[in-house]
Amino acid sequence: MFVKELMHRDVKTTASDATVLEAARKMTQNNIGCLIVVNDTLEGIVTERDMLNKIVSSSRDPSQVRVRDIMTRDVVSVSPDKDVEEATDIMSKHRIKRLPVVFGNEVVGIITSTDIVSILSKAIREIYSQQ
Amino acid sequence: MNRDVKTIKPGESILDAASIMNEFRIGCLIVIIRTKLMGIITERDILEKVVAEDRKASKTKVSQVMTRDPVMIDDDKDISEAVSIMNKFDIKKLPVVSGQSLVGLLTVADLAMVQPELIKRISAIMAFPKKARTVAG
């Protein structure tokens, strides 16, 4: 299976000058664990972990901190034409749960560890049904 | 599964919970009183109920944010059953119990990251083998 077959195409994004409070609300409303930070091209990623680490633990006010102050800038990504196994290897090697899919300079999707487990679950069911 | 599960008491603050999660680089804590499992608290819960609602982490208690009566699995069950449960309930963390006692924690990240070999073996077994796909595709 290729990355483009599994990825979510409806990627939720934020601007880097949005507040962390706005970003947290957008993540909550969409029931997702990260936002891609874009400014024409991929600028960074902001996750629940960043908020825990850099806001809650440091007792900072999320309405006073900008996304660019807590986002991860060096984002690891994958191409849509790669195999899902390769995406899984990248996630495993970098110990990340969310992998943006980039084609050229554009973010075209995202693949998460939950997606990987959903194929695992489907595969396990298929194997059992064949027995 | 991970046997070294980090725990917290319901009366402790979210600031304490976040500090433990950060120190050990983990996404959830099991909430216990003595050995009794009371709930689970995840980074998701903290995002939704503390950060997004602009509440003070030092003044909010774990008991106000945790999920009570979480879905669990017995340690003698098959890993495929754990995967099905996580998929069915749309959860990423599954406490593992033996009788009434907490013995471990299984996470989506563990399954997805620690098991690329498992995924490779499964995709090899699955109906569309890689070679056939390459020829077709």
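Residues numbered from 1 in each chain as written. Chains lettered and ligands numbered in written order. Predicted model: local features only at pLDDT ≥ 70, side-chain atom pairs only at ≥ 80, totals over all residues. Heavy atoms only, no water.

**Student:** What is the right way to read the overall build of chain A from this model?
**Tutor:** If you tally the helices and strands in chain A, you get 6 helices and 5 strands. For chain A, the sequential pattern of α-helices and β-strands runs α-β-α-β-β-α-α-α-β-β-α. Per-residue burial over chain A gives 48% buried out of 131 residues. Taking contacts inside chain A between residues at least 6 apart in sequence as the whole, the part at least 24 apart equals 56%. Of the accessible surface of chain A, which amounts to about 6400 Å², a share of 44% is contributed by carbon and sulfur atoms. (Helix = DSSP H or I, 4+ residues; strand = E, 2+ residues; numbered from the N terminus. Buried < 20%, exposed > 50% of the residue type's maximum accessible area, 1.4 Å probe, protein only. Contact = heavy atoms within 4.5 Å. Areas by Shrake-Rupley, 256 points an atom, 1.4 Å probe, with all protein chains shown as cover.)

**Student:** Help me understand the overall build of chain B, please; the structure alone is not making it clear to me.
**Tutor:** Counting secondary structure elements, chain B contains 7 helices and 7 strands. Tracing chain B from N to C terminus, the helices and strands come up as β-α-β-β-α-α-β-β-α-β-β-α-α-α. Burial analysis of chain B (137 residues in total) assigns 44% to the buried set. Taking the intrachain contacts of chain B between residues at least 6 apart in sequence as the baseline, contacts between residues at least 24 apart amount to 45%.

**Student:** How should I be thinking about the sheet that holds strand S7 (residues 101-107) of chain B in this particular structure?
**Tutor:** Whether parallel or antiparallel, the strands of a sheet pair through hydrogen bonds between backbone atoms. Residue and element names in this part refer to chain B. The sheet built from 3 strands is open, its strands ordered S5-S6-S7 with mixed pairing. For this open sheet the edge positions go to strand S5 (73-74) and S7, each flanked by a neighbour on one side alone. Pairing of S5 with strand S6 (residues 93-98) involves 2 bridges; the strand directions are parallel. Bridge pairing in S6 links Ile 73 to Val 96. (Pairing = 2+ DSSP bridges.)

**Student:** I would appreciate a short explanation of the interface of chain A and chain B in the present structure.
**Tutor:** Interface size is commonly expressed as the accessible area that is lost once the parts come together. Counting residues at the interface gives 43 residues for chain A and 41 residues for chain B. Note on chain A versus chain B: buried area summed over both sides is about 3900 Å², and carbon and sulfur give 61% of it. Linking chain A with chain B are 3 salt bridges, by the criterion used here. The partner of Glu43(B) in a salt bridge is Lys97(A), and the shortest N-O contact between them spans 3.2 Å. Put simply, chain A and chain B have 10 residue pairs in polar contact (both at pLDDT 80 or more) between them. Residue assignment for the side of chain A that touches chain B shows that the elements contributing at least two residues are helix H2 (20-30), helix H3 (48-56), helix H5 (84-94) and helix H6 (113-130) of chain A. Grouping the constituent residues of the side of chain A that touches chain B by class yields 19 nonpolar, 13 polar and 11 charged. (Buried area = accessible area lost by both parts, 1.4 Å probe. Salt bridge = Lys/Arg side-chain N within 4 Å of Asp/Glu carboxyl O. Polar contact = N/O pair within 3.5 Å; in protein donor to acceptor, adjacent residues only side chain to side chain. Nonpolar A, V, L, I, M, F, W, Y, C, P; charged D, E, K, R; others polar.)

**Student:** It is not clear to me how the confidence of the model for chain B should be interpreted in this structure. Could you clarify?
**Tutor:** When pLDDT is low, close inspection of the predicted coordinates is not appropriate. In this model, chain B carries an average pLDDT of 84, and 82% of its residues clear a pLDDT of 70 or more. Scored below 50 in pLDDT, residues 127-137 of chain B makes 6 contacts in the model with residues more than four places away or belonging to other chains. (pLDDT = per-residue confidence, 0-100.)

**Student:** Would you explain the pairing of strand S2 (residues 28-33) of chain B in this entry?
**Tutor:** Consecutive side chains along a regular strand alternate between the two faces of the sheet. Residue and element names in this part refer to chain B. For S2, the buried fraction is high: 5 of the 6 residues fall into the buried class. Sheet analysis places strand S1 (residues 7-8) next to S2, joined by 2 bridges and oriented parallel. Opposite Ile 8, over in S2, you have Val 31 as the bridge partner. As for the winding sense of the linkage, the β-α-β connection from S1 through helix H1 (residues 14-24) to S2 is right-handed. Direction of pairing for S2 relative to strand S3 (residues 36-42): antiparallel, over a ladder of 6 bridges. Its bridge partner being in S3, Cys 28 is matched across the sheet by Thr 42. Taken together, S2 and the strand that follows it, S3, pair antiparallel across an intervening segment of 2 residues, in which Arg 34 is found at a positive phi of about 55°. (Right-handed = clockwise from strand over helix to strand, strands pointing away.)

**Student:** Whenever I open this one, a negative patch on the surface confuses me. Can you help?
**Tutor:** Residues and elements named next belong to chain B. Judged by side-chain charge, Asp 74, Asp 75, Asp 76, Asp 78 and Glu 81 come together as a negatively charged surface patch. By the secondary structure assignment, Glu 81 is in helix H4 (residues 79-89). Given a relative accessible area of 36%, Glu 81 falls into the partly exposed group. (Patch = residues over 30% accessible without salt bridge, like charges linked within 9 Å, V, L, I, M, F, W, Y side chains within 5 Å. Lys, Arg positive; Asp, Glu negative; His and termini not counted. Charge placed at Lys NZ, Arg CZ, Asp CG, Glu CD.)

**Student:** What exactly am I supposed to notice about helix H2 (residues 43-51) of chain B here?
**Tutor:** A turn of α-helix holds 3.6 residues, and therefore any two residues three or four places apart point the same way. Summarising burial for H2(B): 7 of the 9 residues are buried, a large majority. Every buried residue of H2(B) is listed here: Glu43(B), Arg44(B), Asp45(B), Ile46(B), Leu47(B), Val50(B) and Val51(B). Along its buried surface, H2(B) packs onto H2 and H3 of chain A together with H1, S3, helix H3 (62-65) and strand S4 (67-68) of chain B.

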